[in-house]
Amino acid sequence: MTESIEEKKVPAKTPATAAGEWLKVESLDLDAQGVAHNAEGMVVFIEGALPFEEVQFNVHRRKNNWEQGTVTAIRRESSQRVRPGCPHFGLHTGACGGCKMQHLDEAAQVAVKQRALEDNLWHLGKVRPDNVLRPLEGPAWHYRYRARLSVRHVVKKGTVLIGFHERKSRYLADMQVCPVLPKQVSDMLMPLRALIGSMDARETCPQIELACGDAPGTTSLGTIALVLRHLEPLSHADIGRLKAFAAQNAGVQWWLQAKGPDTVKLLEEGGMPLSYELPQFGVTMPFKPTDFTQVNPHINRALVGKALRLLDVQAHERVIDWFCGLGNFTLPLASRAREVLGIEGSDTLVARASDNFRRNQPATSARRALSATRFVARNLFEMTPAMLVADGSADKWLVDPPREGAFALAKAMADLHLQPELRTDGWTPPKRIVYVSCNPSTLARDAGLLVHQAGYRCTFAGVINMFPHTAHVESIAVFDLA
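Just so we're clear, the structure is a prediction, and the values are computed from it rather than from any experiment.

Caption draft 1: Local environment of the overall build of the chain. Counting secondary structure elements, the chain contains 11 helices and 22 strands. Compactness check: the chain gives a C-alpha radius of gyration of 25 Å against a globular reference of 23 Å for 482 residues, within 12% of the reference. Oriented by its inertia axes, the alpha-carbon framework of the chain measures out at about 75 × 70 × 45 Å. Counting across all 482 residues of the chain, residues that qualify as buried make up 53%. Across the chain, the fraction of contacts at a sequence separation of at least 24, relative to all contacts at a separation of at least 6, is 64%. Within the structure as shown, the chain displays about 22000 Å² of accessible surface, and the carbon and sulfur contribution to it stands at 52%. For the chain, the distance from the average position of its 56 positive side-chain charges to the average position of its 51 negative side-chain charges is 2 Å.

Laid out in structure tokens, this is it:
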């Protein structure tokens, strides 16, 4: 029987936190807010508060059953509270919003992310891994080789600002240093501000995109590519200023972007091209500053090695690398497997990955016969069982999707498991899948499909601390055919 409007129960409003009430913080959410309950049971989210602290806060947002605010006093401080490593981090007016967890001990940050991964897997996917992997960690500072820096000429302040936005604001933070960027780049922030301030186009250059590469033959910082977005054509004088800046700063390479990403072009020929290295596999990966590459090269090198160890590829096996990009995993896989198929959604990326493979063939085929490696383009967000079967059986899969996850791929796998008649041409599912994720909620959703509908079990899962001091959670999971 349909419930009448009169019979519906409307939740009562929970009383607000009393003035001067001290709250005990119970946990930390993924926005690095302390989570507490007031005396009446209302959930309270408190910026700047850490688990087990007793705090007071000021409310800046209130709904029927929750409040949100900022810590104003701490009566009992957490043993995990540390001094932030950046002068621009904090809750003060003008604080940078690029990092959220610098006040929390680095090991505790990783524990928060591990809990977030496990909570997502269980609450969204009803999946519990058989084993929790040890977190994959690297340098906590000067790790960020990619960044999108906003640029603003602030007439009232008589200066140019370059960097990230203020905490919860559309304004730019007045950043003079940034300890998560490479030191050479952090040291360059103030000279960059002076450079843009001296240009005729200071009002029409809204962004500088940063992409750093390795020095040839090393894993140290090499080329520093700066992509300047300019809304109007640059004057000859401004071009001269950019060239002079590059000449005075070792490794700097200017690229200009007049409109969309396809308009990006190198200002001056010469210098070392952008690339990064995977020394364990003898691979050098050239890339353009607008290509997707991992923000943290130190962790990426460790991640590729970890993924291949978990996949445990044998010399006689065929492997499919889904969402292969430039070949970050495909090329190392080609040094292990009999055959590798790299699949990506963009024809342009497929061409770039193929070229990268050709450049690295001596390394990828060093330990065996020339690899039968190829790349194809597919719309990976519209995968069907028929498309999956058409790409052939593989012994192992590696899946590394964007934040949207790999729902269509997991759904096609589930359909093939539940409807065996769709498995034409002798198609069989992979024995093992290694899934690298940058979003625990979409990983959990896809894991639920693989475990509950596609015949797999989740044997391992763990976090990868790709972005220290931020709330971003990168993870890796292993699925074995049950």
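Caption draft 2: Up close: the nonpolar core. Judged by nonpolar contacts, the single largest core of 86 residues is most densely connected at L228 and W254. With seven residues, helix α5 (residues 297–311) is the single largest residue contributor to this core. Excluding its chain neighbours within four sequence positions, the residues that come into contact with W254 are L192, L195, I208, L226, L228, L242, F245, A246, L266, L267 and E268.

Caption draft 3: Summary view of the environment of Q56. If you trace the backbone, Q56 turns up in strand β5 (residues 54–62). Those residues in contact with Q56, other than ones at most four positions away along the chain, are G20, E21, W22, T70, V71, T72 and A73.

Caption draft 4: Focus on the confidence of the model for the chain. On average, residues of the chain score 93 in pLDDT, and 95% of them are at 70 or above. Scored below 50 in pLDDT, residues 1–11 shows two contacts in the model against residues more than four places distant or in partner chains.

Caption draft 5: Representation of helix α7 (residues 347–359) in the model. Counted at 1.5 Å a residue, the expected span for α7 with its 13 residues is 18 Å, and the 19 Å between its end C-alpha atoms agrees. Listed in full, the buried residues belonging to α7 are V350, R352, A353, S354, N356 and F357. Where α7 begins, one side-chain oxygen reaches toward the backbone nitrogen of T348, 3.2 Å away; that side chain belongs to S346.

Caption draft 6: Quick peek at the pairing of strand β9 (residues 159–163). Buried residues dominate β9, accounting for four of its five residues. Sheet topology note: the strand β8 (residues 146–154)/β9 ladder contains five bridges and is antiparallel. Looking across to β9, one finds that R152 is bridged to L161. Between β8 and β9, which follow one another and run antiparallel, lie four residues, and G158 among them has a positive phi close to 65°.

Caption draft 7: View of the sheet that holds strand β13 (residues 265–266). Taken in spatial order, the six strands of this open sheet run β9-β8-β10-β11-β12-β13, and their pairing is mixed. Single-partner strands in this sheet number two, and they are β9 and β13. Bridge count for β8 against strand β10 (residues 207–214) is five bridges, and the pairing is antiparallel. Bridged to A147 within β10 is L210. Packed onto the sheet, helix α4 (residues 236–248) meets β11 (221–229) and β12 (252–257) and runs at close to 150° relative to β12.

Caption draft 8: Focus on the side chain of N356. Of note, N356 is situated in helix α7. Dropping the residues within four chain positions of it, N356 is found in contact with M285, P286, L326 and L331.

Caption draft 9: Spatial organisation of the packing of helix α3 (residues 189–198) against α4. Their axes nearest at 10 Å, the elements α3 and α4 cross at an angle of 160°. When the axes of α3 and α4 are compared, the pair comes out roughly antiparallel. The handedness of the crossing between α3 and α4 comes out as right-handed. Contact with α3, carried on its side by P191, L192, L195 and S198, involves R241, L242 and F245 of α4 and no other residues of that element. Looking at the contact of α3 with α4 residue by residue, the class counts come to five nonpolar, one polar and one charged.

Caption draft 10: Just the packing of helix α1 (residues 106–125) against helix α11 (residues 440–452), in detail. Between α1 and α11, the shortest axis-to-axis distance is 8 Å and the interhelical angle comes to 50°. Classed by the angle they form, the pair α1 and α11 counts as oblique. Where α1 crosses over α11, the two elements pack in a sense that is right-handed. On α11, the residues touching L117, N120, L121, L124 and G125 of α1 are P440, S441, L443, A444, A447, G448 and H452. Class assignment for the residues of the contact of α1 with α11 results in seven nonpolar, five polar and no charged.

Caption draft 11: Highlighting the environment of F467. The topology assignment puts F467 in the loop between β21 (456–464) and β22 (474–481). Considering only alpha carbons, one finds F467 and W397, 70 residues apart in sequence, at a separation of 25 Å. Residues in contact with F467, not counting those within four places in the same chain, are K113, Y143, V295, H472 and E474.

Caption draft 12: The side chain of S437, seen in detail. Along the chain, S437 falls in strand β20 (residues 432–437). Taking the relative accessible area as the measure of exposure, S437 reaches 2% and is therefore buried. A distance of 3.0 Å separates a polar side-chain atom of S437 from the backbone oxygen of N439. The residues contacting S437, other than those within four sequence positions of it, are L443, V473, E474 and S475.

Caption draft 13: The arrangement of the packing of aromatic side chains in detail. Throughout the structure, instances matching the rule amount to five aromatic pairs. Between the aromatic rings of Y276 and F287, the centroid separation amounts to 5.9 Å while the plane-to-plane angle is 50°, which identifies the pairing as tilted. Remark: F287 occurs in the loop between β15 (283–286) and α5 and Y276 occurs in strand β14 (residues 275–278); sequence separation between them is 11 residues. Summarising the burial analysis for this pair, Y276 and F287 share the class buried. Note on W322 and W397: the rings are 5.1 Å apart at their centroids and 65° apart in plane angle, and the pair reads as edge-to-face. Pair noted here: W322 is in strand β16 (residues 318–322) and W397 is in strand β19 (residues 396–399), with a separation of 75 residues, a long-range link. With respect to burial, W322 and W397 carry one shared label: buried. The cationic tip of K126 hangs over the ring face of W122; the distance from NZ or CZ to the ring centre is 5.2 Å. For the cation-ring pair, R128 lies above W122, with the distance from its terminal atom to the ring centre recorded as 3.8 Å.

Scoring rules and cut-offs
Residues numbered from 1 in each chain as written. Predicted model: local features only at pLDDT ≥ 70, side-chain atom pairs only at ≥ 80, totals over all residues. Heavy atoms only, no water. Helix = DSSP H or I, 4+ residues; strand = E, 2+ residues; numbered from the N terminus. Rg over C-alpha atoms; globule rule 2.2 N^0.38 Å. Buried < 20%, exposed > 50% of the residue type's maximum accessible area, 1.4 Å probe, protein only. Contact = heavy atoms within 4.5 Å. Areas by Shrake-Rupley, 256 points an atom, 1.4 Å probe, with all protein chains shown as cover. Lys, Arg positive; Asp, Glu negative; His and termini not counted. Charge placed at Lys NZ, Arg CZ, Asp CG, Glu CD. Core = buried A, V, L, I, M, F, W, Y, C linked by side-chain atoms within 4.5 Å. pLDDT = per-residue confidence, 0-100. Expected span 1.5 Å × (residues − 1). Polar contact = N/O pair within 3.5 Å; in protein donor to acceptor, adjacent residues only side chain to side chain. Pairing = 2+ DSSP bridges. Axes fitted to C-alpha atoms, helices over the stretch in contact; angles between N-to-C directions. Parallel < 35°, antiparallel > 145°, perpendicular 65-115°, else oblique. Left-handed = near helix turned anticlockwise from the far one by under 90°. Nonpolar A, V, L, I, M, F, W, Y, C, P; charged D, E, K, R; others polar. Phe/Tyr/Trp six-rings, centres within 6.5 Å; stacked < 30°, edge-to-face > 60°. Lys NZ or Arg CZ within 6 Å of the ring centre and 35° of its normal.

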